[in-house]
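# Examining the three-dimensional arrangement
For reference, the chains in residue letters:
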Amino acid sequence: MQLNRQTFQARLSEGKAAYAAGDPADACPYNMYGNADDQFGYRYWTRGWSMARSEAEAEKAAGASAGH
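Everything in this summary refers to the structure shown in the same document. (Residues numbered from 1 in each chain as written. Predicted model: local features only at pLDDT ≥ 70, side-chain atom pairs only at ≥ 80, totals over all residues. Heavy atoms only, no water.)

What follows concerns the packing of aromatic side chains. In total, this model carries three aromatic pairs according to the counting rule given. When the centroid spacing of 4.8 Å and the interplanar angle of 90° are considered together, the rings of Phe8 and Tyr44 count as edge-to-face. Of this pair, Phe8 sits in helix H1 (residues 5–20) while Tyr44 sits in helix H2 (residues 36–66), and the two are 36 residues apart along the sequence. The structure contains a cluster of three or more aromatic residues connected by ring pairs, namely Phe8, Phe40 and Tyr44. (Phe/Tyr/Trp six-rings, centres within 6.5 Å; stacked < 30°, edge-to-face > 60°. Helix = DSSP H or I, 4+ residues; strand = E, 2+ residues; numbered from the N terminus.)

Shown next as C-alpha coordinates:
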(Lines give C-alpha, C1' and ligand atoms only; values in the text may rest on other atoms or scores of the structure.)
Protein backbone atom coordinates (compact mmCIF):
# COMPACT_ATOMS: atom_id res chain seq x y z
CA MET A 1 0.00 0.00 0.00
CA GLN A 2 1.20 3.48 -0.76
CA LEU A 3 0.79 5.94 2.07
CA ASN A 4 -0.58 8.79 -0.01
CA ARG A 5 -3.40 11.31 -0.11
CA GLN A 6 -5.90 8.90 -1.70
CA THR A 7 -5.25 6.29 0.96
CA PHE A 8 -5.50 8.95 3.66
CA GLN A 9 -8.92 10.03 2.35
CA ALA A 10 -10.07 6.42 2.11
CA ARG A 11 -9.16 5.74 5.74
CA LEU A 12 -10.90 8.91 6.91
CA SER A 13 -14.00 7.88 4.98
CA GLU A 14 -13.89 4.37 6.47
CA GLY A 15 -13.77 5.84 9.96
CA LYS A 16 -16.65 8.22 9.26
CA ALA A 17 -18.71 5.38 7.79
CA ALA A 18 -17.99 3.24 10.84
CA TYR A 19 -19.26 5.98 13.14
CA ALA A 20 -22.38 6.37 10.99
CA ALA A 21 -22.93 2.61 11.23
CA GLY A 22 -22.74 2.81 15.02
CA ASP A 23 -19.40 1.07 15.41
CA PRO A 24 -17.44 1.91 18.58
CA ALA A 25 -14.07 3.64 18.37
CA ASP A 26 -12.25 0.42 19.24
CA ALA A 27 -13.71 -1.38 16.21
CA CYS A 28 -10.84 -0.12 14.05
CA PRO A 29 -9.68 -2.86 11.66
CA TYR A 30 -6.10 -1.56 11.75
CA ASN A 31 -3.47 -2.29 14.39
CA MET A 32 -1.84 0.72 15.99
CA TYR A 33 1.22 -1.39 16.82
CA GLY A 34 1.44 -3.18 13.47
CA ASN A 35 3.53 -2.41 10.42
CA ALA A 36 3.62 1.03 8.79
CA ASP A 37 0.49 0.31 6.72
CA ASP A 38 -1.51 -0.69 9.79
CA GLN A 39 -0.29 2.28 11.80
CA PHE A 40 -1.21 4.62 8.96
CA GLY A 41 -4.66 3.02 8.65
CA TYR A 42 -5.22 3.16 12.40
CA ARG A 43 -4.22 6.82 12.66
CA TYR A 44 -6.52 8.04 9.90
CA TRP A 45 -9.40 5.62 10.53
CA THR A 46 -9.63 6.82 14.13
CA ARG A 47 -9.26 10.44 13.01
CA GLY A 48 -12.20 9.98 10.61
CA TRP A 49 -14.26 8.32 13.35
CA SER A 50 -13.50 11.20 15.73
CA MET A 51 -14.30 13.80 13.09
CA ALA A 52 -17.68 12.19 12.43
CA ARG A 53 -18.45 12.08 16.15
CA SER A 54 -17.48 15.73 16.60
CA GLU A 55 -19.65 16.76 13.66
CA ALA A 56 -22.61 14.80 15.05
CA GLU A 57 -22.18 16.35 18.49
CA ALA A 58 -21.93 19.85 17.00
CA GLU A 59 -25.12 19.30 15.01
CA LYS A 60 -26.87 18.00 18.11
CA ALA A 61 -25.72 21.00 20.16
CA ALA A 62 -26.77 23.43 17.41
CA GLY A 63 -30.18 21.81 17.25
CA ALA A 64 -30.58 21.99 21.02
CA SER A 65 -29.57 25.66 21.15
CA ALA A 66 -31.87 26.53 18.25
CA GLY A 67 -34.77 25.04 20.16
CA HIS A 68 -34.36 27.43 23.09
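Formed by Ala18, Cys28, Tyr30, Trp45 and Trp49, the largest nonpolar core amounts to five residues. Not counting the four nearest positions on each side in its chain, Ala18 is found in contact with Asp23, Trp45 and Trp49. (Core = buried A, V, L, I, M, F, W, Y, C linked by side-chain atoms within 4.5 Å. Buried < 20%, exposed > 50% of the residue type's maximum accessible area, 1.4 Å probe, protein only. Contact = heavy atoms within 4.5 Å.)

Within the structure shown, the criterion is met by two salt bridges. For Glu14, the salt bridge goes to Arg11, with nearest N and O atoms at 3.0 Å. Residue Glu14 and its partner Arg11 are located together in helix H1, separated by three residues, close to a single helical turn. Ionic pairing is found between Glu57 and Arg53, a salt bridge with its closest N-O pair at 3.7 Å. In this pair, Glu57 and Arg53 are both assigned in helix H2, four residues apart and thus about one turn of the helix distant. In this structure Arg53 comes out as partly exposed when scored by relative accessible area, which is 35%. (Salt bridge = Lys/Arg side-chain N within 4 Å of Asp/Glu carboxyl O.)

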